[in-house]
Amino acid sequence: MDENVSLKEHSNYRIGGPAKFFVRADDAGSLWAAVAFAKERRVPYFVLGGGTNVLVSDDGFDGVVIKPAIQFLETNDMMVRVGAGVFMSELLEFVAGRGLSGLEWAGGLPGTVGGAVRGNAGAFGGETKDAVKEIISVDVSGTAPKVIRRRGAQCAFGYRNSIFKINNGKEIILEATFELRKGDAKVIRETIEQKIQYRNERHPTEYPNIGSIFKNVPVADVPKELHGAFAHVIKTDPFPVVPTAYLISEAGLRGTRIGGAMVSEKHPNFIVNAGSARADEVKLLIGQVKSAVRKKYGIALEEEVLYL
Ligand SMILES: Cc1cc2nc3c(=O)[nH]c(=O)nc-3n(C[C@H](O)[C@H](O)[C@H](O)COP(=O)(O)OP(=O)(O)OC[C@H]3O[C@@H](n4cnc5c(N)ncnc54)[C@H](O)[C@@H]3O)c2cc1C
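Here the residue index of a chain counts from 1 through its sequence in written order. The predicted origin of the model limits local features to residues at a pLDDT of at least 70 and limits the giving and counting of side-chain atom pairs to 80 or more, whereas totals for whole chains, interfaces and linings rest on all residues. Note that water and hydrogens are dropped before the side-chain values are worked out from all heavy atoms of the structure.

Caption draft 1: Fine view of the overall build of the protein chain. Scanning the protein chain from terminus to terminus reveals eight helices and 21 strands. Over its C-alpha trace the protein chain gives a radius of gyration of 20 Å, about what one expects of a compact globule, namely 19 Å for 308 residues. With respect to the principal axes defined by its C-alpha atoms, the protein chain has extents near 50 × 50 × 35 Å. A 1.4 Å probe rolled over the protein chains alone gives each residue an accessible area, and that area as a share of the maximum for its type sets the label: buried under 20%, exposed over 50%, partly exposed in between. Classification of the 308 residues of the protein chain by burial places 52% in the buried group. Here, residues are in contact when the closest pair of their heavy atoms is within 4.5 Å. Pairs at least 24 apart in sequence give 62% of the contacts found in the protein chain among residues at least 6 apart. Strands are runs of DSSP state E lasting at least 2 residues, helices are runs of H or I lasting at least 4, and numbering of each runs from the N terminus. For the radius of gyration, the atoms used are the C-alpha atoms, and the globule rule reads 2.2 Å times the number of residues raised to 0.38.

This is the structure we're talking about:
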(Lines give C-alpha, C1' and ligand atoms only; values in the text may rest on other atoms or scores of the structure.)
Protein backbone atom coordinates (compact mmCIF):
# COMPACT_ATOMS: atom_id res chain seq x y z
CA MET A 1 0.00 0.00 0.00
CA ASP A 2 1.49 3.35 -1.07
CA GLU A 3 0.54 6.72 0.37
CA ASN A 4 -0.01 10.11 -1.24
CA VAL A 5 0.28 8.85 -4.80
CA SER A 6 -0.31 11.40 -7.56
CA LEU A 7 -3.33 10.33 -9.60
CA LYS A 8 -2.17 12.45 -12.53
CA GLU A 9 0.08 9.57 -13.53
CA HIS A 10 -2.86 7.17 -13.38
CA SER A 11 -5.31 9.27 -15.41
CA ASN A 12 -5.25 9.57 -19.17
CA TYR A 13 -6.16 13.23 -18.60
CA ARG A 14 -2.97 13.94 -16.58
CA ILE A 15 -5.23 15.85 -14.18
CA GLY A 16 -5.89 15.33 -10.47
CA GLY A 17 -4.49 15.46 -6.95
CA PRO A 18 -3.09 12.60 -4.83
CA ALA A 19 -4.73 9.46 -3.50
CA LYS A 20 -4.25 9.13 0.26
CA PHE A 21 -3.72 5.38 -0.25
CA PHE A 22 -3.03 3.51 -3.48
CA VAL A 23 -2.83 -0.23 -3.92
CA ARG A 24 -2.45 -2.70 -6.80
CA ALA A 25 -4.35 -5.92 -6.18
CA ASP A 26 -3.86 -9.01 -8.30
CA ASP A 27 -6.54 -11.36 -6.96
CA ALA A 28 -9.84 -11.44 -5.08
CA GLY A 29 -8.05 -11.82 -1.72
CA SER A 30 -5.88 -8.73 -2.12
CA LEU A 31 -8.81 -6.72 -3.51
CA TRP A 32 -10.79 -7.65 -0.42
CA ALA A 33 -7.85 -6.76 1.86
CA ALA A 34 -7.71 -3.27 0.30
CA VAL A 35 -11.47 -2.79 0.72
CA ALA A 36 -11.31 -4.09 4.31
CA PHE A 37 -8.51 -1.60 5.04
CA ALA A 38 -10.74 1.24 3.75
CA LYS A 39 -13.68 -0.01 5.81
CA GLU A 40 -11.58 -0.23 8.97
CA ARG A 41 -10.38 3.33 8.55
CA ARG A 42 -13.87 4.48 7.52
CA VAL A 43 -12.59 6.04 4.30
CA PRO A 44 -14.03 5.54 0.82
CA TYR A 45 -12.41 3.34 -1.83
CA PHE A 46 -12.42 3.64 -5.62
CA VAL A 47 -11.56 1.03 -8.24
CA LEU A 48 -9.39 2.48 -11.00
CA GLY A 49 -8.79 0.66 -14.28
CA GLY A 50 -6.85 2.41 -17.03
CA GLY A 51 -8.11 5.84 -15.92
CA THR A 52 -9.39 6.59 -19.43
CA ASN A 53 -12.90 7.59 -18.39
CA VAL A 54 -12.39 9.35 -15.06
CA LEU A 55 -11.94 13.02 -14.19
CA VAL A 56 -9.94 13.11 -10.95
CA SER A 57 -10.54 16.08 -8.61
CA ASP A 58 -7.77 18.61 -8.07
CA ASP A 59 -8.02 17.77 -4.35
CA GLY A 60 -7.31 14.11 -5.09
CA PHE A 61 -9.04 11.28 -3.23
CA ASP A 62 -9.09 11.02 0.55
CA GLY A 63 -9.41 7.26 0.59
CA VAL A 64 -8.03 4.09 -1.03
CA VAL A 65 -7.60 3.85 -4.80
CA ILE A 66 -7.53 0.18 -5.78
CA LYS A 67 -6.08 -0.89 -9.10
CA PRO A 68 -7.11 -4.42 -10.14
CA ALA A 69 -3.87 -5.79 -11.62
CA ILE A 70 -5.33 -9.15 -12.65
CA GLN A 71 -3.32 -9.94 -15.72
CA PHE A 72 -3.92 -13.36 -17.26
CA LEU A 73 -5.09 -14.29 -20.77
CA GLU A 74 -5.97 -17.83 -21.86
CA THR A 75 -7.98 -19.60 -24.55
CA ASN A 76 -9.96 -22.77 -24.70
CA ASP A 77 -11.11 -23.26 -28.30
CA MET A 78 -13.34 -20.20 -29.00
CA MET A 79 -13.44 -19.06 -25.37
CA VAL A 80 -11.03 -16.43 -24.10
CA ARG A 81 -10.63 -15.91 -20.35
CA VAL A 82 -9.07 -12.62 -19.42
CA GLY A 83 -8.19 -10.82 -16.18
CA ALA A 84 -9.92 -7.50 -15.48
CA GLY A 85 -6.63 -5.58 -15.40
CA VAL A 86 -5.61 -6.57 -18.95
CA PHE A 87 -5.72 -3.69 -21.43
CA MET A 88 -8.20 -4.08 -24.27
CA SER A 89 -5.31 -3.52 -26.70
CA GLU A 90 -3.49 -6.58 -25.25
CA LEU A 91 -6.67 -8.65 -25.48
CA LEU A 92 -7.13 -7.66 -29.14
CA GLU A 93 -3.52 -8.51 -29.94
CA PHE A 94 -4.03 -11.91 -28.29
CA VAL A 95 -7.26 -12.80 -30.12
CA ALA A 96 -6.12 -11.44 -33.49
CA GLY A 97 -3.00 -13.60 -33.31
CA ARG A 98 -5.21 -16.66 -32.79
CA GLY A 99 -7.68 -15.84 -35.58
CA LEU A 100 -10.54 -15.24 -33.15
CA SER A 101 -13.20 -12.84 -34.35
CA GLY A 102 -15.85 -10.83 -32.47
CA LEU A 103 -13.96 -7.99 -30.77
CA GLU A 104 -12.69 -6.11 -33.83
CA TRP A 105 -15.01 -3.17 -33.09
CA ALA A 106 -12.80 -2.44 -30.05
CA GLY A 107 -9.72 -1.59 -32.14
CA GLY A 108 -8.16 1.46 -30.45
CA LEU A 109 -10.50 1.35 -27.42
CA PRO A 110 -8.34 2.44 -24.48
CA GLY A 111 -8.62 1.11 -20.94
CA THR A 112 -8.90 -2.27 -19.28
CA VAL A 113 -11.25 -5.22 -19.64
CA GLY A 114 -12.78 -4.37 -16.22
CA GLY A 115 -13.55 -0.81 -17.31
CA ALA A 116 -15.01 -1.98 -20.62
CA VAL A 117 -17.29 -4.54 -18.93
CA ARG A 118 -18.46 -2.12 -16.24
CA GLY A 119 -19.42 0.57 -18.78
CA ASN A 120 -20.37 -1.86 -21.58
CA ALA A 121 -17.97 0.13 -23.75
CA GLY A 122 -18.88 0.20 -27.41
CA ALA A 123 -17.95 1.64 -30.79
CA PHE A 124 -18.65 1.14 -34.49
CA GLY A 125 -21.94 -0.59 -33.70
CA GLY A 126 -20.32 -3.18 -31.39
CA GLU A 127 -20.52 -3.40 -27.60
CA THR A 128 -18.58 -5.31 -24.96
CA LYS A 129 -21.68 -7.30 -24.04
CA ASP A 130 -21.97 -8.82 -27.54
CA ALA A 131 -19.31 -11.46 -26.90
CA VAL A 132 -19.54 -11.86 -23.11
CA LYS A 133 -20.06 -15.44 -22.00
CA GLU A 134 -19.37 -15.01 -18.29
CA ILE A 135 -18.19 -12.37 -15.83
CA ILE A 136 -16.71 -13.17 -12.44
CA SER A 137 -16.75 -10.45 -9.82
CA VAL A 138 -16.30 -10.15 -6.09
CA ASP A 139 -18.99 -8.52 -3.98
CA VAL A 140 -17.16 -6.48 -1.35
CA SER A 141 -20.18 -4.80 0.22
CA GLY A 142 -20.56 -7.17 3.18
CA THR A 143 -18.41 -8.37 6.05
CA ALA A 144 -16.76 -11.03 3.87
CA PRO A 145 -16.00 -11.17 0.12
CA LYS A 146 -18.42 -13.10 -2.08
CA VAL A 147 -17.42 -14.28 -5.56
CA ILE A 148 -20.24 -14.07 -8.12
CA ARG A 149 -20.41 -15.69 -11.56
CA ARG A 150 -22.85 -14.31 -14.11
CA ARG A 151 -23.68 -15.24 -17.67
CA GLY A 152 -23.75 -12.27 -20.07
CA ALA A 153 -27.55 -12.13 -19.99
CA GLN A 154 -27.47 -11.74 -16.19
CA CYS A 155 -25.23 -8.64 -16.28
CA ALA A 156 -28.05 -6.16 -17.12
CA PHE A 157 -25.98 -4.69 -19.94
CA GLY A 158 -27.43 -1.56 -21.53
CA TYR A 159 -26.14 1.54 -23.28
CA ARG A 160 -22.86 2.22 -21.41
CA ASN A 161 -24.38 0.39 -18.49
CA SER A 162 -24.26 -2.89 -16.57
CA ILE A 163 -25.15 -4.43 -13.22
CA PHE A 164 -21.63 -3.49 -12.03
CA LYS A 165 -22.27 0.17 -12.78
CA ILE A 166 -25.75 0.03 -11.25
CA ASN A 167 -24.31 -1.56 -8.08
CA ASN A 168 -21.78 1.29 -8.02
CA GLY A 169 -18.63 0.00 -6.34
CA LYS A 170 -20.33 -2.88 -4.54
CA GLU A 171 -18.66 -5.39 -6.86
CA ILE A 172 -15.20 -5.51 -8.39
CA ILE A 173 -14.85 -7.34 -11.70
CA LEU A 174 -12.18 -10.05 -11.56
CA GLU A 175 -12.33 -11.59 -15.02
CA ALA A 176 -14.36 -11.99 -18.20
CA THR A 177 -14.85 -14.89 -20.59
CA PHE A 178 -15.60 -13.93 -24.18
CA GLU A 179 -17.05 -16.38 -26.69
CA LEU A 180 -15.57 -15.66 -30.11
CA ARG A 181 -15.76 -17.14 -33.63
CA LYS A 182 -13.09 -18.60 -35.87
CA GLY A 183 -11.98 -16.01 -38.42
CA ASP A 184 -9.13 -15.13 -40.74
CA ALA A 185 -6.27 -13.68 -38.65
CA LYS A 186 -5.23 -11.32 -41.46
CA VAL A 187 -8.75 -9.93 -41.93
CA ILE A 188 -9.20 -9.56 -38.15
CA ARG A 189 -5.94 -7.62 -37.84
CA GLU A 190 -6.83 -5.39 -40.79
CA THR A 191 -10.27 -4.63 -39.34
CA ILE A 192 -8.73 -3.71 -35.98
CA GLU A 193 -6.13 -1.53 -37.72
CA GLN A 194 -8.88 0.31 -39.64
CA LYS A 195 -10.63 1.19 -36.38
CA ILE A 196 -7.36 2.40 -34.84
CA GLN A 197 -6.67 4.53 -37.90
CA TYR A 198 -10.20 5.95 -37.89
CA ARG A 199 -9.74 6.97 -34.25
CA ASN A 200 -6.30 8.45 -34.85
CA GLU A 201 -7.70 10.61 -37.64
CA ARG A 202 -10.76 11.83 -35.75
CA HIS A 203 -9.83 11.89 -32.08
CA PRO A 204 -7.61 14.61 -30.58
CA THR A 205 -4.98 12.12 -29.44
CA GLU A 206 -2.36 14.89 -29.54
CA TYR A 207 -3.77 16.10 -26.18
CA PRO A 208 -4.43 14.17 -22.96
CA ASN A 209 -8.17 13.34 -22.85
CA ILE A 210 -10.71 10.91 -21.41
CA GLY A 211 -12.71 10.20 -24.55
CA SER A 212 -16.20 11.50 -25.20
CA ILE A 213 -17.39 13.61 -22.29
CA PHE A 214 -21.10 13.09 -22.99
CA LYS A 215 -23.22 10.17 -24.15
CA ASN A 216 -24.73 10.49 -27.58
CA VAL A 217 -28.41 11.44 -27.48
CA PRO A 218 -30.91 8.68 -28.26
CA VAL A 219 -33.26 9.89 -31.03
CA ALA A 220 -36.12 8.78 -28.78
CA ASP A 221 -35.11 11.56 -26.32
CA VAL A 222 -34.97 14.31 -28.96
CA PRO A 223 -37.99 16.62 -29.27
CA LYS A 224 -40.10 15.45 -32.28
CA GLU A 225 -39.92 18.80 -34.06
CA LEU A 226 -36.11 18.47 -34.32
CA HIS A 227 -36.03 15.00 -35.95
CA GLY A 228 -36.09 16.48 -39.47
CA ALA A 229 -33.22 18.87 -38.76
CA PHE A 230 -31.05 16.03 -37.40
CA ALA A 231 -31.95 13.42 -40.05
CA HIS A 232 -28.61 13.83 -41.87
CA VAL A 233 -26.47 13.16 -38.76
CA ILE A 234 -28.36 10.34 -37.04
CA LYS A 235 -26.21 7.22 -36.67
CA THR A 236 -26.74 3.80 -35.15
CA ASP A 237 -24.58 3.27 -32.02
CA PRO A 238 -26.00 0.70 -31.30
CA PHE A 239 -29.48 2.31 -31.65
CA PRO A 240 -30.32 5.58 -33.45
CA VAL A 241 -28.57 8.53 -31.80
CA VAL A 242 -27.82 12.16 -32.55
CA PRO A 243 -24.05 12.57 -32.16
CA THR A 244 -23.36 14.95 -29.27
CA ALA A 245 -20.30 16.25 -31.14
CA TYR A 246 -22.71 17.68 -33.74
CA LEU A 247 -24.86 19.42 -31.11
CA ILE A 248 -21.80 20.96 -29.44
CA SER A 249 -20.42 22.10 -32.76
CA GLU A 250 -23.76 23.64 -33.81
CA ALA A 251 -23.90 25.46 -30.47
CA GLY A 252 -20.71 27.19 -31.62
CA LEU A 253 -18.46 25.74 -28.92
CA ARG A 254 -15.59 24.23 -30.91
CA GLY A 255 -12.32 25.52 -29.48
CA THR A 256 -14.00 27.13 -26.41
CA ARG A 257 -11.48 27.31 -23.58
CA ILE A 258 -11.47 27.72 -19.83
CA GLY A 259 -7.88 27.81 -18.58
CA GLY A 260 -6.17 24.68 -19.86
CA ALA A 261 -9.44 22.88 -20.70
CA MET A 262 -10.60 23.14 -24.30
CA VAL A 263 -13.49 21.82 -26.38
CA SER A 264 -11.63 19.98 -29.11
CA GLU A 265 -11.76 21.53 -32.58
CA LYS A 266 -11.23 18.08 -34.07
CA HIS A 267 -13.96 16.25 -32.12
CA PRO A 268 -16.13 18.60 -30.03
CA ASN A 269 -17.41 15.85 -27.70
CA PHE A 270 -13.86 15.71 -26.33
CA ILE A 271 -12.70 18.28 -23.81
CA VAL A 272 -8.93 18.08 -23.96
CA ASN A 273 -6.21 19.03 -21.52
CA ALA A 274 -4.55 21.63 -23.73
CA GLY A 275 -1.93 22.41 -21.08
CA SER A 276 -1.93 22.08 -17.26
CA ALA A 277 -5.74 21.98 -17.10
CA ARG A 278 -7.32 21.72 -13.67
CA ALA A 279 -10.31 19.49 -12.95
CA ASP A 280 -12.27 22.57 -11.88
CA GLU A 281 -11.72 24.13 -15.30
CA VAL A 282 -12.91 20.97 -17.04
CA LYS A 283 -16.02 20.91 -14.82
CA LEU A 284 -16.82 24.55 -15.58
CA LEU A 285 -16.46 23.89 -19.30
CA ILE A 286 -18.70 20.81 -19.04
CA GLY A 287 -21.32 23.04 -17.38
CA GLN A 288 -20.96 25.65 -20.11
CA VAL A 289 -21.42 23.06 -22.88
CA LYS A 290 -24.48 21.59 -21.17
CA SER A 291 -26.20 24.93 -20.77
CA ALA A 292 -25.41 26.06 -24.35
CA VAL A 293 -26.87 22.84 -25.82
CA ARG A 294 -29.90 23.00 -23.52
CA LYS A 295 -30.50 26.62 -24.53
CA LYS A 296 -30.19 25.95 -28.27
CA TYR A 297 -32.02 22.62 -28.53
CA GLY A 298 -33.74 21.96 -25.18
CA ILE A 299 -31.65 18.77 -24.92
CA ALA A 300 -30.08 17.78 -21.57
CA LEU A 301 -26.66 16.20 -22.20
CA GLU A 302 -25.61 13.43 -19.85
CA GLU A 303 -21.97 12.79 -18.92
CA GLU A 304 -20.37 9.53 -19.97
CA VAL A 305 -17.24 10.26 -17.92
CA LEU A 306 -17.03 9.76 -14.16
CA TYR A 307 -15.95 12.15 -11.45
CA LEU A 308 -13.58 11.11 -8.71
C1 LIG B 1 -9.30 8.46 -26.74
C2 LIG B 1 -10.45 7.73 -26.06
C3 LIG B 1 -11.42 7.10 -26.82
C4 LIG B 1 -12.48 6.43 -26.20
N5 LIG B 1 -13.40 5.81 -26.99
C6 LIG B 1 -14.41 5.13 -26.40
C7 LIG B 1 -15.37 4.44 -27.22
O8 LIG B 1 -15.30 4.44 -28.44
N9 LIG B 1 -16.38 3.79 -26.59
C10 LIG B 1 -16.49 3.76 -25.23
O11 LIG B 1 -17.42 3.13 -24.74
N12 LIG B 1 -15.59 4.39 -24.45
C13 LIG B 1 -14.56 5.07 -24.99
N14 LIG B 1 -13.65 5.72 -24.21
C15 LIG B 1 -13.83 5.74 -22.75
C16 LIG B 1 -13.04 4.64 -22.00
O17 LIG B 1 -11.92 4.26 -22.73
C18 LIG B 1 -13.87 3.41 -21.74
O19 LIG B 1 -14.99 3.76 -20.99
C20 LIG B 1 -13.07 2.31 -21.01
O21 LIG B 1 -13.81 1.13 -21.07
C22 LIG B 1 -12.74 2.64 -19.57
O23 LIG B 1 -11.85 1.65 -19.08
P24 LIG B 1 -10.76 1.98 -17.96
O25 LIG B 1 -10.09 0.72 -17.60
O26 LIG B 1 -9.88 3.10 -18.37
O27 LIG B 1 -11.72 2.43 -16.77
P28 LIG B 1 -11.50 3.66 -15.76
O29 LIG B 1 -11.58 4.93 -16.52
O30 LIG B 1 -10.30 3.44 -14.92
O31 LIG B 1 -12.79 3.48 -14.86
C32 LIG B 1 -14.08 3.63 -15.41
C33 LIG B 1 -15.07 3.02 -14.42
O34 LIG B 1 -14.90 1.61 -14.43
C35 LIG B 1 -14.72 1.15 -13.09
N36 LIG B 1 -13.84 -0.01 -13.15
C37 LIG B 1 -12.64 -0.14 -13.78
N38 LIG B 1 -12.17 -1.39 -13.60
C39 LIG B 1 -13.08 -2.06 -12.84
C40 LIG B 1 -13.16 -3.36 -12.29
N41 LIG B 1 -12.21 -4.29 -12.50
N42 LIG B 1 -14.25 -3.68 -11.55
C43 LIG B 1 -15.23 -2.79 -11.32
N44 LIG B 1 -15.21 -1.53 -11.80
C45 LIG B 1 -14.15 -1.18 -12.55
C46 LIG B 1 -14.11 2.32 -12.34
O47 LIG B 1 -14.39 2.21 -10.95
C48 LIG B 1 -14.84 3.47 -12.97
O49 LIG B 1 -16.09 3.61 -12.34
C50 LIG B 1 -12.57 6.40 -24.79
C51 LIG B 1 -11.57 7.03 -24.02
C52 LIG B 1 -10.53 7.68 -24.64
C53 LIG B 1 -9.46 8.32 -23.79
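Caption draft 2: View of the sheet that holds strand 11 (residues 132–139). In this analysis, strands are considered paired if DSSP registers two or more bridges between them. Read from one edge of the open sheet, five strands run 6-7-13-11-12, paired in antiparallel fashion. In this open sheet, the two strands that pair with only one neighbour each are strand 6 (73–76) and strand 12 (146–151). In this sheet, neighbouring strand axes are inclined to one another by 20° on average, regardless of whether the strands run parallel or antiparallel. Those strands touched by helix 2 (residues 88–97) are strand 6, strand 7 (79–83) and strand 13 (171–179), and its axis lies near 35° from that of strand 6. Helix axes are fitted to C-alpha atoms over the stretch in contact, other axes to C-alpha atoms as well, and angles between N-to-C directions run from 0 to 180 degrees.

Caption draft 3: Just the domain arrangement of the protein chain, in detail. The assigned domain composition of the protein chain is domain 1 (2–68), domain 2 (73–188) and domain 3 (206–307). Summarising the inter-unit geometry, the C-alpha centres of domain 2 and domain 3 are found 27 Å apart. In this complex, domain 2 contributes seven residues to the contact, which on the side of domain 3 involves seven residues. The term buried area refers to how much accessible surface (probe radius 1.4 Å) is lost by two components on association, counted for both of them together. Both faces considered, domain 2 and domain 3 share a buried interface measuring about 680 Å² in area, 53% of it formed by carbon and sulfur atoms. Reported domain spans reflect what an automatic or database domain assignment gives.

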